Amino acid sequence: MTAELAKAYDPASVQDEVAKVWDDEKCFHAEPTDPGEPYSIVIPPPNVTAALHLGHALNNTLQDILIRRARMQGKNTVWLPGTDHAGIATQTVVEKRVLKEEGKRRTEFERDDFVKKIQAWKDEYEQVILGQLKAMGCSCDWDRTAFTMDEPRAKAVREAFFQLFKAGLIYRGKRLVNWDPATLTALADDEVENEEVDGFFYYLKYPVVSSTGISPVNHGRDGHATEYITVATTRHETMLGDTAVAINPKDPRAAALKGKFVRLPIVNRIIPIIEDDYVVLPVSLGGDPADTKAQMATGFLKVTPAHDPNDYDIGQRHNLDIINVMAPDASISDKHGWSDIGDAGFLLGQSREEARKLVVKWFKDNALLEDQKPYRHSVGHSYRSHVAIEPYLSDQWYCKVTDKRLAGAALDAMNPSQISRGTGFQPVAEGEQGLKTHATNTGITFYPERYAKTYQTWHENIRDWCISRQLWWGHRIPVWSSSATRIDFVNLPANATVASMESDGMQYICLRENDTDCIANLERAGFSQDPDVLDTWFSSGLWPLSTLGWPLAAEAASPADSASGLATSVAGDASSDPPPNALSTWNPTSVLCTAREIITLWVSRMVMFNQFFQGQIPFKDVFIHAMIQDGDGRKMSKSLGNGVDPLDIISSHGTDAMRFTLTSMATNTQDVRMPVVRDETTGKNTSPKFDLGRNFANKMWNAARFALMQIESNQSQVANSESQFTTLDRWIMSRFNKTVTECDEAISNYRFDQYARACYDFFWRDFCDWYVEIAKVQFKDETKKSTTAQVIATVLDGSLRLMHPMIPFVTEKLWWKLNEVCPDRGIDGWINRGTNSRVRAQVDGDGNSTRIITAQWPIPGQTDDSAEAIVSNLQELIAQIRTARNDYKVSPKQSVTVTIVAPDCGAEQINLHRDMLESLATCKIAGVETAITTPPVNSTKITAGACEIYIEGLVDEAAEQLRNTKRRDELTKAIAAKKGRLANAGYIAKAPPHLVKETQDQLAAEEAELKALSV
């Protein structure tokens, strides 16, 4: 007799025990030479800014489901973990910490000294993050843990930058960038979040002048004679940098103003009036009445090329001066390209916010503020500091993603069936010059499909990517420059480690390797390294490559043409092929599981880089999961106090409970809401939603504990003969196999909520509520008990395997106990044994897997629709008798006498299963008839499908008539509702087929019951 499981499930002790075994036996580790079809996932590397939140728990639970299932399917499975240095975010957090604790700013430290402080923060939180992932049960290959700034990743970054630089896809340029005045760095377009803010349109009057002085006749807002023109703006402080006023050439006032100028107030700069089609016509002069800007416009646009992207474009078209009036912190300054300050000295040193107030006051005091009107509009904010970004003229490094070799290849990588035609899409021609051939590509497929449009639109409208950041924490740009010295590079070999370009009187030299001797020589020659670092997303974009050993692995498998950045592959005999390595085995990866807000930030760049450097897609599928919000629909955050720490849920409910609940919430909708409550006893946030998972884990434990005791007591021989199985045995095995099929379909389509629901419905309802109770009856029959023990053991076995990817800890522990109690299980043709020979799994002497993590994923066996139909009818009989007992408040222990009237075939099955019916319905069956003329005295009549059931001694005839009338009304309403649902074409098209079938079956049963009650 083996030791029984503990009476109550204790998640903490089970998690610790199971995790230690997995770790000791390296159950998560894989090698490229392992057997099986490759299956790989790279973890979206969490930022080392802080601990993980519930969104990470959802994301990683879903990835782990995919990984564990693939491993059980015998695939060569690897999940690559790691963390991201998160340049802006991490440096900002550490700067705040140092300022608070030491009272010093970053600039008071030497660069290397401050970087050490950031490194210490990274080391601290990286360990916290990895510990959280392990506590969540993530089966990552921890031996392959990576960090975006460790040496292998640094080498990949240098190689990628070098190849792009040499291919002409990286360049230096002075452009208007998105500037974060809080973190003092440039941002890429997709690092800007637009927020609606309340502001004003200010109407500023500019005096019109000719080239020699005041013009005698000028034009105002509505075309009336006046001494001024009026510009409308929401950014009035930038008027200090105006270099023109623009008017639409279709404006009737344009002709009279041709060749005229205005004197810019405060500054006194004389600037031209120009014509440009970009200017919005006011409604009074033919503008679109539906256009909010036309409603607010005057027809005159102040043009400030250094502080507005649209104005910058106008400036380029008209060759206007570009005058920057701000310092990097967005204060007004004459130190960054502004010299003709005029009377604006009172604004110097003021913040942009204070300057706005002072400019308005000046215009009021000088009678030049014509009007101001409230206006709600969209303003770009930094995705890290959350302050309003400032368009800012700056020298930066750019990656030419507009090139077909990048954005074009990214579009070409799409699954053709998901491409929206007629939108400017231009696929790359196969074999086009400078592009790799990617014969392995079948197209990246997005789930849900709607996100393919987001991806496509981004690449069709993409602008070159600003990749330099004015930070200290990150990959230093590997470029040295000099304006005074020139180094001549001629006749370099194809694999040269140096590349050079000249721009704006500067020579820029890029180094492929971190060669200290070469660097010393450059510095002696007067060259200095660029102080900036690369955008965090540059290293993240290489993640599917760098985590798998690129570029060294790529060189071993297929040497690259360093001069062009293009890989070549030579066909040959298998005997001449290099041995498999991580890159050749697992890239492209199988699926990327991520959130929608980083489709442009991360997904796009991984595709472009993988295409350019490897000539293949980085992943086959992209699954965009839902976002978790609090109960009020707000994003969870520490500042709002509505965040939930995964470790808090693990502590209060257990890891399995958390994972199951999150999986059940992973629908294809954009967001899911989770009410948050504070546990006053612990001070931690939690949610009642997780009770669902805790209850299910407890149910599994309790049901398995009972089943194991019964198996151990009743097994005596292995049952494998069809003749030994009862209808009820075939029913539960058939239901299990249909559930496996349903789960396979759900996971393959990334419908994790459907997977969770299918497991829940089968295990709790079919197995626990029905078959375990049925087994109690069959165990009393000497001829059935051994077969029943085998069936219950085998179904429990399959159920544990089916649920393991989602609920790993309790299933592993129960598997071990099942191996002790019943090592020889499995029923040929119905449910396989679970041995997985293709995985490096531990097996016992009988060939059974000793660990469920490496056991075989269930393979659907045979089904029996006839058995399911019979049991469904029996369940309906039992359910109706139980309902009647509850309605009449019969004591649970009190048996009632029933007479059943059923068709011939139904009567036969009822008689065959009389013991089960009497036991589960707590009744005594007085008789089973095919027809009845006189009902039993003082009996109530109920219906179950085609059967009539008479229960004796419950109510008098008058009361029974009232009950039947009430039931007919209920059925009439229910039937009408279901008919309406089934008549809805939208419901039929969108609902899962099994739900439509379920509705149809329920309708048929209700119509049959109504017919019987109406007789």
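Small disclaimer: the values here were computed from a predicted structure and weren't measured. (Residues numbered from 1 in each chain as written. Predicted model: local features only at pLDDT ≥ 70, side-chain atom pairs only at ≥ 80, totals over all residues. Heavy atoms only, no water.)

Caption draft 1: Here's a closer look at the confidence of the model for the protein. In this model, the protein carries an average pLDDT of 88, and 90% of its residues clear a pLDDT of 70 or more. Mean pLDDT values for the elements of the protein range from 34 in strand E26 (residues 566-567) up to 98 in strand E1 (residues 38-42). Taken as a whole, residues 429-441 scores under 50 in pLDDT and shows 26 contacts with residues more than four places along the chain or in a different chain. pLDDT under 50 marks residues 559-575. Its contacts with residues more than four places away, or in other chains, come to 23 contacts. (pLDDT = per-residue confidence, 0-100. Helix = DSSP H or I, 4+ residues; strand = E, 2+ residues; numbered from the N terminus. Contact = heavy atoms within 4.5 Å.)

Caption draft 2: Seen up close, helix H17 (residues 599-614). Extensive coverage of H17 is indicated by the burial of 16 of its 16 residues. Just downstream of H17 lies Gly615, where phi reads positive at about 75 degrees. (Buried < 20%, exposed > 50% of the residue type's maximum accessible area, 1.4 Å probe, protein only.)

Caption draft 3: Up close: the sheet that holds strand E22 (residues 506-511). Ordered by their spatial adjacency, four strands build an open sheet running E21-E22-E20-E23, and the pairing between neighbours is antiparallel. On the outer flanks of this sheet lie strand E21 (498-503) and strand E23 (528-529), each paired with one strand and no other. Here strand E20 (residues 479-482) pairs with E22 via four bridges, running antiparallel. What sits directly across from Trp480, in E22, is Ile509. Along the sheet, helix H12 (residues 516-524) makes contact with E20 and E22, crossing E22 at roughly 170 degrees. (Pairing = 2+ DSSP bridges. Axes fitted to C-alpha atoms, helices over the stretch in contact; angles between N-to-C directions.)

Caption draft 4: Layout of the sheet that holds strand E6 (residues 185-187). Spatial ordering of the open sheet is given by E6-E5-E16-E18, a layout of four strands whose pairing is antiparallel. A strand with exactly one partner marks an edge of an open sheet, and here the two such strands are E6 and strand E18 (465-466). Across two bridges, strand E16 (residues 390-399) lies against E18 in antiparallel orientation. Paired with Cys399 across the two strands is Trp465, which belongs to E18.

Caption draft 5: Structural view of the pairing of strand E36 (residues 947-952). The element E36 is largely enclosed, with a buried count of five among its six residues. Of the strand pairs in this sheet, strand E33 (residues 896-901) and E36 are connected by four bridges, and their pairing is antiparallel. Bridge pairing in E36 links Ile900 to Ile949. Pairing of strand E35 (residues 939-944) with E36, which is carried by six bridges, proceeds in the antiparallel orientation. By the bridge assignment, Lys941 is partnered in E36 with Tyr950. Linkage of E35 to E36, two consecutive antiparallel strands, is achieved through a turn of two residues, within which Gly945 is found at a positive phi near 65 degrees.

Caption draft 6: Local environment of the nonpolar core. If you look at the biggest cluster of nonpolar residues, it comprises 206 residues, and the most contacted ones within it are Phe161, Phe165, Phe538, Leu542 and Phe767. Considering each element in turn, this core owes the most residues, 16 residues, to helix H22 (residues 752-778). Formed by 41 residues, the second largest nonpolar core is a distinct cluster that contains Val177, Met239, Ile271 and Val360. (Core = buried A, V, L, I, M, F, W, Y, C linked by side-chain atoms within 4.5 Å.)

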